[in-house]
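Reading the structure
Here are the chains, one letter per residue:
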Amino acid sequence: HGDEGSHSHGDEGSHSHGDEDGHSHGDGAPEGGFNPHVWTSVPNMVAYVEVVAQVLTAVDPEGADHYAQRAEEYRVELEALDDAIRAAVGSLAEERRKLVVYHDAWAYFGHEYGVQVIAAVQPSDYSEPSAADVRAIIDQIRAEDVPAIFGAEEFPNDVVAAIADETGAEYVGELADDTLPGSPGDPQHSYVGMMAENVSRVVDALGGDPTPLRALTGR
């Protein structure tokens, strides 16, 4: 990712409101289209680690054992994260496993962990959503009885806050799809820390138990 001017991920159809089955469309859909936020599914990251180890080994064969050992250590850490996410999401009632987000970064998470991404508020060109867009999302939140909606730290959240006020859904504005928590050197300043913190916020706001995730980071 880059700055706000370069953080565009999808095509013209990436703005999504979902369909009758609660699937997100456009750049957010694992079913079709393009969405680069593959890291919101931990098994995708496990696969990436394996590829990185293979490439490093090809470049530096003498380091093969070291790369294999580090990849295995990280795979164990990632599998613990994956297990914790599944346990935390599993604590949610089925009817509360619904996400409305500002930026369409959570499609692979939803697909992997059985959470419906009902809608993403922001169009892919980073323009403000139109009044008609906002009204459609408000109607959908009410129809789906969505308990909380989520903004992102790196984007303005006034539109999401207004939607929350209109619908009565809880507003959570601290998701960060590509910003590590804390400062360099902090234990939580990592991919695992980012995912654990994000999913903890999601599960907590939707009425579940984030304890398995918080246990990973000691927070």
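In this text, all values refer to a predicted model and were calculated from it rather than measured experimentally.

1. Digging into unusual backbone geometry
In this structure, Asp145 takes a positive phi of about 55° despite not being glycine. Following the sequence through the fold, Asp145 ends up in the loop between helix H4 (131-144) and strand S3 (148-152). Classification of Asp145 as exposed rests on a relative accessible area of 61%.

2. Some points on empty space enclosed by the protein
Summed over all chains, the structure comprises 2 cavities of 30 Å³ or more. Looking at the second largest cavity, its volume works out to about 40 Å³. In this structure, the second largest cavity is lined by Val101, Tyr102, His103, Trp106, Phe150, Gly151, Ala152, Leu175 and Asp177. It is S3 that provides the largest number of residues to the lining of the second largest cavity, a total of 3 residues.

3. Observations concerning the pairing of strand S1 (residues 98-101)
Taking every second residue as pointing to the same face, both faces of S1 are buried, with Lys98 and Val100 on one and Leu99 and Val101 on the other. Sheet analysis places S1 next to strand S2 (residues 116-120), joined by 4 bridges and oriented parallel. Bridging across to S2, Leu99 finds its partner in Val117. Once you follow S1 into helix H3 (residues 107-113) and on to S2, the crossover reads as right-handed.

4. Things to note about the nonpolar core
Residues Leu81, Ile85, Leu99, Phe109, Phe150 and Tyr191 are the most contacted members of the largest nonpolar core, which totals 38 residues. Contributions of two or more residues to this core are made by helix H1 (42-59), helix H2 (64-90), S1, H3, S2, S3, strand S4 (170-175) and helix H6 (191-205). Ranked by residues supplied to this core, first place goes to H6 with 9 residues. Ignoring any residue separated from it by four or fewer positions in sequence, one finds Ile85 in contact with Val42, Phe109, Tyr113, Met195, Val199 and Leu213. Val100, Tyr102, Ala119 and Ile138 belong to the second-largest nonpolar core, a separate cluster that totals 18 residues.

5. So, the confidence of the model for the chain
Taken residue by residue, the chain gives an average pLDDT of 83. The fraction at 70 or more is 82%. A low-confidence stretch, residues 1-29 stays under pLDDT 50, and its non-local contacts, those more than four residues away or across chains, total 80 contacts.

6. Some points on H1
Given a rise of 1.5 Å per residue, 18 residues ought to cover 26 Å, and the 26 Å separating the end C-alpha atoms of H1 matches this to within 8%. All of the buried residues in H1 are Val42, Met45, Val46, Val49 and Ala53. Projected onto a plane normal to the axis of H1, the buried residues spread over an arc of 105° and lie on a single side. Of the exposed residues in H1, the ones pointing more than 90 degrees away from its buried face are Gln54, Ala58 and Val59. On its buried face, H1 sits against H2, H3 and H6.

Rules used throughout
Residues numbered from 1 in each chain as written. Predicted model: local features only at pLDDT ≥ 70, side-chain atom pairs only at ≥ 80, totals over all residues. Heavy atoms only, no water. Helix = DSSP H or I, 4+ residues; strand = E, 2+ residues; numbered from the N terminus. Buried < 20%, exposed > 50% of the residue type's maximum accessible area, 1.4 Å probe, protein only. 1 Å grid on protein atoms, 1.4 Å probe; cavity = no way out; pocket = protein on both sides within 12 Å on 5 of 7 lines; lining within 4 Å. Points joined across faces, edges and corners; volume = space filled by probe spheres on them. Pairing = 2+ DSSP bridges. Right-handed = clockwise from strand over helix to strand, strands pointing away. Core = buried A, V, L, I, M, F, W, Y, C linked by side-chain atoms within 4.5 Å. Contact = heavy atoms within 4.5 Å. pLDDT = per-residue confidence, 0-100. Expected span 1.5 Å × (residues − 1). Arc of directions from axis to C-beta.

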